[in-house]
Each structure stands twice: as structure tokens, then as C-alpha cells.
Amino acid sequence: MDMTSTKSRGFSPFSLDAVNFLLSDVRGALGPYLNVFLVTQQHWSQSQVGVVTTISGLLGLAVQTPIGAAIDETRAKRGAIVLGLAVLGVGAVIIFAWPSFWPVLFANSLMAVVGDVFGPAVAALTLGLYARKQLARRMGRNSAFDHAGNVGIAVVAAAVGYAFSQRAVFLLVPIFAGLASIAVLSIPAKAIDYDRARDLDDEYGAAATAPKPADYAILFQSRPLVVFGLCVMLFHLANAALLPLVGQKLAAAHPEEATAMMSACIVAAQAVMLPIALLVGRTADSWGRKPLFLAGFTILPVRAVLYTLSDNSFWLIGVQLLDGVGAGVFGALTPLVVADIMRGTGRYNLALGAIATMQGIGASLSGLAAGVIVDHLGYTATFLALGAAALVAVIVFAIWMPETAEQETVSQGSRVR
């Protein structure tokens, strides 16, 4: 199998940079603004918004793993991204033109389903474009451009919302979807190794028969994958509710400035994630995946405890910056660790979809658990309970998760240092 640089086949790394940046813009131009728009501008009740977000969220959660399996099977990985972008653009236009219950429910549900395509498809393209020895740095670079896109769209959306209206923000989606489609199609199909894109690389190169994909049961037979999935669920069970809880405390203390403070939290955390993702990409081979992941996991219970020490707005925002470290490590390393675990199975995107499902389950349970605990015991107890869940994730990962990087690579990196 040809493991040489893809530059010889007409591929420019800047195309993949643009894909990651613009896909972040497409998703970010809708999600954070929809609920606010529906409640404040369209005067929807909280229960109506809850029905729409719950149904679309459950649909998205249900199809994550099957979509991953489908991306493994298809060679039209660029086409899958472009089709998903087209659906997102149409959905956003529907919401802009008809912001009533049934059109929004239909459009948001459709967009939640196709939104599951982008993560696995981009990871598959990366796997198919880069040799194994280049993968860690490239995954870090993907994550960095994704975070840069989140910062960029926050600024652009704020400017559009201020200059025109909240409703006009949704028209950014088809614009960025068109630009992202151009970026995807600028990647030559001939530059993609489709076996390697599903982690079905033949280590021996001269094998008499082509390698075959593993059975779907690999999801349960791979002990490292099961342990990793459990840790991912616990991580997001602890993490997902923290920012909304901080937002509630900020809104209670400074109702007129709450939106600006929340925006500052999000942008600042994303800005921290960007260099962290690049650092992780540069060190994941030499340091190993496990020490970096442990560092990212350990920051979460520390952050949860720090929230309980003061209600000062500057303190809360400052502590929230630590989210950039944990999330930066998580975003850059997750596709790389899954690629390590699934190497040679041909089920990379299936596994990546399963991990995303575990992430979604944890995030969904996080909001429910946090709401119940806040109602009965208050914010301090909630932060400590979420921190305890994060600590369990740290312990499980430290004891049962193996190092997934090739030991030769880690040893060589240690000698270089």
C-alpha cells in the first residue's frame, strides 16, 4: 500500500484545513442561536423549544453509529459531506422562512441527522489522505482549524445579528455550506486511499488476498474501545452541564450582561482549545496518547471544584477557560485513539460513530442530572456531583485504558527528548 505523501497526487493540505474551518462555521451558525431566536423573537414557550430539541437530539443520537457504518462502506465520502451540507443549507432556509413549530421541527430533525455525517467523514478523509506516521499531527491540525472556525463564526454571527437581525444569522448556513462544499471537492478523489480511510490498511502490503472488514461485533469485543467509550460517556456526563450552569449563575448576577459574558466564555475557551489541539498533535506520538488524555480528563474534576469556591463573575469565566484545555485534548485525540484501536479492522467510522453515541448519551444525561440536583441541593452540590463523575472517568481511564500508540514511536520520542 502506498504510504507516501499525498502531495504527489494533487492534494493540498490547505483544502482539508478549509474543510475543517468551514464545517465548523456551518454548524456554529445555527446551533447556539436557534433556541434564543425562537424564545425571544418568535415567542415560543420553553416547552415547545424543548420538544423540538429533544426530538431532534434523540434522532441524531439514534443514527450516529449507523451513519458511521455507512461511511465505512461508501467510497463517496466527499459526496456524503456535500449532500449533508446541502441538507443543512436547505434546513436553515426553512427555519428562516417559516419559523413555526412543524417546519422548524422537521428542519431541525433533518439537520440533526445529517450533522452526524461530518465528524466521521472528515476523520475518514484524513485517514485516507495521510500515512500513519503523519496522522497525529494532522488530527491536531484538524481540531485546531475546527476551533478557529468556531471563533470565526461567533464573531461573524454576532456582527450579522447586530447589523441585521437574529433571523438573518440563519442565512449564513447556506453561504458557508457552499464554501465548504467547494473546499471538499477541491480534495482530489484519487488522493484518497479508501481502504486506509476505514482503517483497513494491509500491514504486509504483499498479502495474497485483500483484507476483510471485521464483524460489527468488534464494537463489543474490543476491550480498549469499550473502556474508552465508558470514559467518554462519563467525561461528557460531567462536562456538558457545566457551561449552562455557569451561564445560569452569570445571568442571575448580571442579567443585562449575561449574553455578552456567555459569548466571552465560549470564544475564550475555543481560543484556548486551538493551541492545545496543535500541541497535542505534535506530542501525541512522542509522549503517547494516555498521558495527554489523562491530563485532559484530570482538569475536569478540578474545574468542577473550582466553580464552588466563588460566585465572582471574573472567577467563573476564568475557570471556564480550563474547558479549553480538556476539550482541546479530547477533540484532537479522540479520532486518533479510535484509529489506533481499530487499525486493520475496516470499522473505523463505525467505532467513531459508536463513541459519538456514548458522548451524546453522557451529554443528555448530564443536563437531566444537573437540573434535578440543582432543584433539590443547589449549585455547589451539583458542581461537586459532576466533578465526582469526572473523577470516576479519570480512575477508569488510568487503570484500564491501555496506551494505544505504537510503543516504538513512543520510545523513539522519549529518546529524542
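Conventions used here
Residues numbered from 1 in each chain as written. Predicted model: local features only at pLDDT ≥ 70, side-chain atom pairs only at ≥ 80, totals over all residues. Heavy atoms only, no water. Salt bridge = Lys/Arg side-chain N within 4 Å of Asp/Glu carboxyl O. Helix = DSSP H or I, 4+ residues; strand = E, 2+ residues; numbered from the N terminus. Axes fitted to C-alpha atoms, helices over the stretch in contact; angles between N-to-C directions. Parallel < 35°, antiparallel > 145°, perpendicular 65-115°, else oblique. Left-handed = near helix turned anticlockwise from the far one by under 90°. Contact = heavy atoms within 4.5 Å. Nonpolar A, V, L, I, M, F, W, Y, C, P; charged D, E, K, R; others polar. Buried < 20%, exposed > 50% of the residue type's maximum accessible area, 1.4 Å probe, protein only. Core = buried A, V, L, I, M, F, W, Y, C linked by side-chain atoms within 4.5 Å. Phe/Tyr/Trp six-rings, centres within 6.5 Å; stacked < 30°, edge-to-face > 60°. Patch = residues over 30% accessible without salt bridge, like charges linked within 9 Å, V, L, I, M, F, W, Y side chains within 5 Å. Areas by Shrake-Rupley, 256 points an atom, 1.4 Å probe, with all protein chains shown as cover. pLDDT = per-residue confidence, 0-100.

The next point concerns the pattern of salt bridges. Between side chains of opposite charge, a pair can form when the charged atoms approach closely. A complete count under the given rule lists 11 salt bridges for this structure. Note that Glu73 is salt-bridged to Arg198, the shortest N-O span being 3.5 Å. Of this pair, Glu73 sits in helix α3 (residues 46-73) while Arg198 sits in the loop between α7 (172-185) and α8 (218-221), placing them 125 residues apart in sequence. Here Asp285 makes a salt bridge to Arg289, at a shortest N to O gap of 2.7 Å. Overlapping salt bridges bring together Arg132, Asp199, Asp285, Arg289 and Asp340 as one network.

We now examine the packing of helix α9 (residues 223-239) against helix α15 (residues 348-377). The N-to-C vectors of α9 and α15 enclose an angle of 30 degrees; their axes lie 7 Å apart at closest approach. With respect to each other, α9 and α15 are oriented roughly parallel. The two elements α9 and α15 meet at a crossing, and its hand is right-handed. Residues Leu225, Phe228, Gly229, Leu230, Val232, Met233, His236 and Leu237 of α9 form the contact with α15, whose participating residues are Ala351, Ile355, Met358, Gln359, Ile361, Gly362, Ala363, Leu365 and Ser366. Here the contact of α9 with α15 is built from residues that sort into 12 nonpolar, five polar and no charged.

So, on to the environment of Ser15. For Ser15, the position within the fold is in helix α1 (residues 13-28). Looking at Ser15, the relative accessible area reads 11%, which means it is buried. Through-space distance from the C-alpha of Ser15 to that of Pro188 is 9.8 Å; in sequence the pair is 173 residues apart. Discounting chain neighbours no more than four positions away, the residues touching Ser15 are Ala183, Ser186 and Ile187.

A separate point is the nonpolar core. Among the nonpolar cores identified, the biggest contains 63 residues, and Phe228, Phe293, Phe297, Leu333, Val338 and Tyr348 are the most heavily contacted of them. In terms of residue count, helix α14 (residues 322-342) provides more of this core than any other element does, 10 residues in total. Setting aside chain neighbours within four positions, we find Phe293 in contact with Phe228, Val329, Phe330, Leu333, Thr334, Val337 and Phe397. Formed by 52 residues, the second largest nonpolar core is a distinct cluster that contains Leu16, Leu22, Trp44 and Ala191.

Attention now goes to the packing of helix α12 (residues 289-307) against helix α16 (residues 379-400). Following both chains from N to C, one finds α12 and α16 inclined at 165 degrees, their axes separated by 8 Å at the closest point. In this view, α12 runs roughly antiparallel relative to α16, as classed from their interaxial angle. As for the relative orientation of α12 and α16, their crossing is left-handed in sense. Listed contacts from α16 to Lys290, Phe293, Leu294, Phe297, Thr298, Leu300, Pro301, Ala304, Val305 and Tyr307 of α12 are Phe383, Leu384, Gly387, Ala390, Leu391, Ala393, Val394, Phe397 and Ala398.

Okay, unusual backbone geometry next. What you tend to see is this: most non-glycine residues have negative phi, and most peptide bonds are trans. Positive phi, normally seen in glycine, also occurs at Asp199, with a value near 65 degrees. Its place among the elements puts Asp199 in the loop between α7 and α8.

Turning our eyes to something else, we now look at the packing of aromatic side chains. Inspection of every chain in the model, using the stated rule, returns 10 aromatic pairs. When the centroid spacing of 5.2 Å and the interplanar angle of 55 degrees are considered together, the rings of Phe297 and Phe397 count as tilted. Residue Phe297 is located in helix α12, and its partner Phe397 is located in helix α16; the two are separated by 100 residues in the primary sequence. Both residues of the pair, Phe297 and Phe397, belong to the buried class. Ring-pair connections join several aromatic residues into one group, and the members of that group are Phe228, Phe235, Phe293, Phe297, Phe330 and Phe397.

This part takes up the environment of Pro188. You can see Pro188 is positioned in the loop between α7 and α8. For the pair Pro188 and Ser12, spaced 176 residues apart in sequence, the C-alpha to C-alpha distance is 9.2 Å.

A cluster of nonpolar side chains, contributed by Leu391, Ile395, Ile399 and Trp400, occupies part of the molecular surface with about 400 Å² of accessible area. Mapped onto the fold, Leu391 is located in helix α16. On the accessibility criterion, Leu391 (45% relative accessible area) is partly exposed.

Averaged over every residue, the pLDDT of the chain is 85; residues scoring 70 or more account for 88%. Every residue in residues 1-6 scores below 50 in pLDDT, and together they form 17 contacts with partners more than four places removed in sequence or on other chains. Predicted confidence is poor over residues 204-208, with pLDDT under 50, and the contacts of this stretch with residues over four places away or in other chains come to two contacts.

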